[in-house]
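# Per-entry structural report
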Amino acid sequence: MTEPAESKPKRILVTGGTGLVGRAIEKVVADGEGRPDEEWIFVCSKDADLTNAAETRALYEKHRPTHVIHLAALVGGLFKNIKYNLDFWRRNVHINDNVLHSAYEFGVQKVVSCLSTCIFPDKTTYPIDETMIHNGPPHDSNFGYSYAKRMIDIQNRGYFQQHGWRFTAVIPTNVFGPHDNFNIEDGHVLPGLIHKVYLAKKNGTALTVWGTGKPRRQFIYSLDLARLFVWVLREYDEVEPIILSVGEEDEVSIREAAESVVEAMDFRGELIFDTTKSDGQFKKTASNGKLRRHLPDFQFTPFKRAVKETCDWFNTHYATARK
Ligand SMILES: NC(=O)c1ccc[n+]([C@@H]2O[C@H](COP(=O)([O-])OP(=O)(O)OC[C@H]3O[C@@H](n4cnc5c(N)ncnc54)[C@H](OP(=O)(O)O)[C@@H]3O)[C@@H](O)[C@H]2O)c1
């Protein structure tokens with residue numbers, strides 16, 4: 001085990017570097033957020049299967065990072081979670097333990113891992129804040145993913161208590177943007193809607209939204225989240241996680257989200273709600289009060305503009321987009 005040292009330059013390893021959030025961080029770093037004393041290394045499952053401890057160690061051995069942004073995870077929307085709770089638990093627990101413990105063994109100064117607001121207790125008061133993660137069981141639809149993610153916070157506390165190391169985590173709300181998974185069955189609600197509208201428009205059919213359209217969500221644009229990740233890596237000093245979200249007033253219903261996609265894609269057909277499909281958790285309104293205390297002036301991209309940019313990206317990259 002190497003002692004952490006304030007060495008320069010920084011070598012920042014980003015796991016899950018080919019995913020929605022990883023690509024966004026790569027873009028903001030390339031577009032001006034990067035610094036000359038930082039080397040950014042983006043890796044994916046082709047570089048190492050992080051469920052495998054030996055491959056994870058070999059990755060650290062090769063790159064010798066000073067900092068890690070840990071994004072790699074088995075990720076999916078409501079319907080994939082309902083089907084594969086066991087896989088979500090096991091895969092993510094292995095990945096997280098391998099990434100965090102190798103970081104400890106290789107003397108990494110800081111790890112920023114990624115939780116999610118969908119791991120909070122199902123029965124709770126609102127708004128949810130950072131102190132409430134472990135206050136009760138998560139929603140039954142995604143208990144595997146949720147408990148696996150909650151254990152990152154437990155492990156971070158352990159590294160601090162036993163060794164004094166400051167590994168931390170961020171808690172984003174629903175993320176969307178270019179390079180998302182636009183698969184209708186397995187992906188998240190917004191990219192799924194974008195893909196459905198694309199097909200409905202092409203085939204001249206109605207748009208069927210799954211569920212009642214009434215549940216409410218806070219969406220964060222991946223490029224906004226990426227800028228916040230870079231800030232957390234450099235400036236945020238606590239082990240306790242921080243929620244990265246737009247304000248409570250910016251929460252939208254699934255119906256409103258669908259209507260924004262319809263507008264952005266200029267879809268003129270009918271909109272139907274299939275109420276035989278599950279709604280998932282009704283809401284998970286999160287407070288961004290802690291973030292605002294640190295960054296009162298951070299400007300989020302307006303939701304409709306971010307949706308439009310994402311739809312434009314999907315239309316342009318339809319052939320190669322994950323779907
Ligand atoms: N999307 C959201 O709405 C949302 C919301 C809150 C939190 N988060 C969290 O944000 C993080 C990033 O999510 P995302 O949406 O960007 O995910 P994503 O687009 O599905 O990307 C997942 C990334 O993880 C990598 N990965 C998966 N299994 C791996 C393994 N066994 N070994 C090595 N790499 C592996 C993938 O590599 P390959 O490309 O090689 O498969 C990919 O780069 C995750 O921790 C997720 O839980 C996401």
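Here the structure is a predicted model, which means the values were calculated and not measured. (Residues numbered from 1 in each chain as written. Predicted model: local features only at pLDDT ≥ 70, side-chain atom pairs only at ≥ 80, totals over all residues. Heavy atoms only, no water.)

### What to know about the pairing of strand β5 (residues 168-172)
Worth spelling out the cut-off: Relative accessibility thresholds used throughout: buried, under 20% of the residue-type maximum; exposed, over 50%; partly exposed, between the two (1.4 Å probe, protein chains only). Here a helix means four or more residues in a row that DSSP labels H or I, a strand means two or more in a row labelled E, and each is numbered from the N terminus. Here, any two strands with at least 2 DSSP bridges between them count as paired. Orienting the strands away from the viewer, one traces the path from the first strand over the helix to the second; a clockwise path indicates a right-handed crossover.
Burial within β5 is extensive, with five of its five residues counted as buried. A two-sided burial pattern is seen for β5, the buried positions comprising T168, V170 and P172 on one face and A169 and I171 on the other. Where strand β4 (residues 110-114) meets β5, three bridges bridge the pair, whose relative direction is parallel. Among the inter-strand pairings, V112 is bridged to a residue of β5, identified as T168. Viewed along the sheet, the connection from β4 through helix α5 (residues 143-163) into β5 turns out right-handed. In this structure, β5 lies alongside strand β10 (residues 242-244), joined through three bridges in parallel fashion. When the bridges of β10 are listed, V170 appears paired with I242.

### Details of the site of the ligand
Inclusion rule: Nearness is defined per residue: one heavy atom within 4 Å of the molecule or strand is enough. The definition of a polar contact used here is a pair of N or O atoms within 3.5 Å, where within protein one atom must be able to donate a hydrogen and the other to accept one, and adjacent residues in sequence count solely through side-chain atom pairs. Each accessible area value is a Shrake-Rupley result obtained with a 1.4 Å probe; residue values ignore everything except the protein chains displayed when judging cover. When residue character is reported, Ala, Val, Leu, Ile, Met, Phe, Trp, Tyr, Cys and Pro are called nonpolar, Asp, Glu, Lys and Arg charged, and the others, Gly included, polar.
Near the ligand lie 28 residues; those nearest to it are T18, S45, Y145, K149 and R322. Interatomic distance of 2.9 Å between a backbone N/O atom of L20 and an oxygen atom of the ligand. At 2.5 Å, a side-chain N or O of S45 approaches an oxygen atom of the ligand. When isolated, the ligand has an accessible area of 910 Å², and the protein chains bury 86% of it. Those elements that place two or more of their residues in the shell around the ligand are α1 (20-33), α5 and β6 (174-176). For the shell around the ligand, a count of residues per class yields 15 nonpolar, 10 polar and three charged.

### Considering the environment of C311
Put simply, the rule is: Here, residues are in contact when the closest pair of their heavy atoms is within 4.5 Å.
Checked against the element boundaries, C311 lands in helix α10 (residues 303-316). By relative accessible area, which is 0% here, C311 ends up buried. Along the primary structure C311 and H188 are separated by 123 residues, whereas in three dimensions their C-alpha atoms are 15 Å apart. When sequence neighbours within four positions are dropped, the list of residues in contact with C311 reads I194, V261, A264 and M265.

Nothing here speaks to function; it is geometry throughout.
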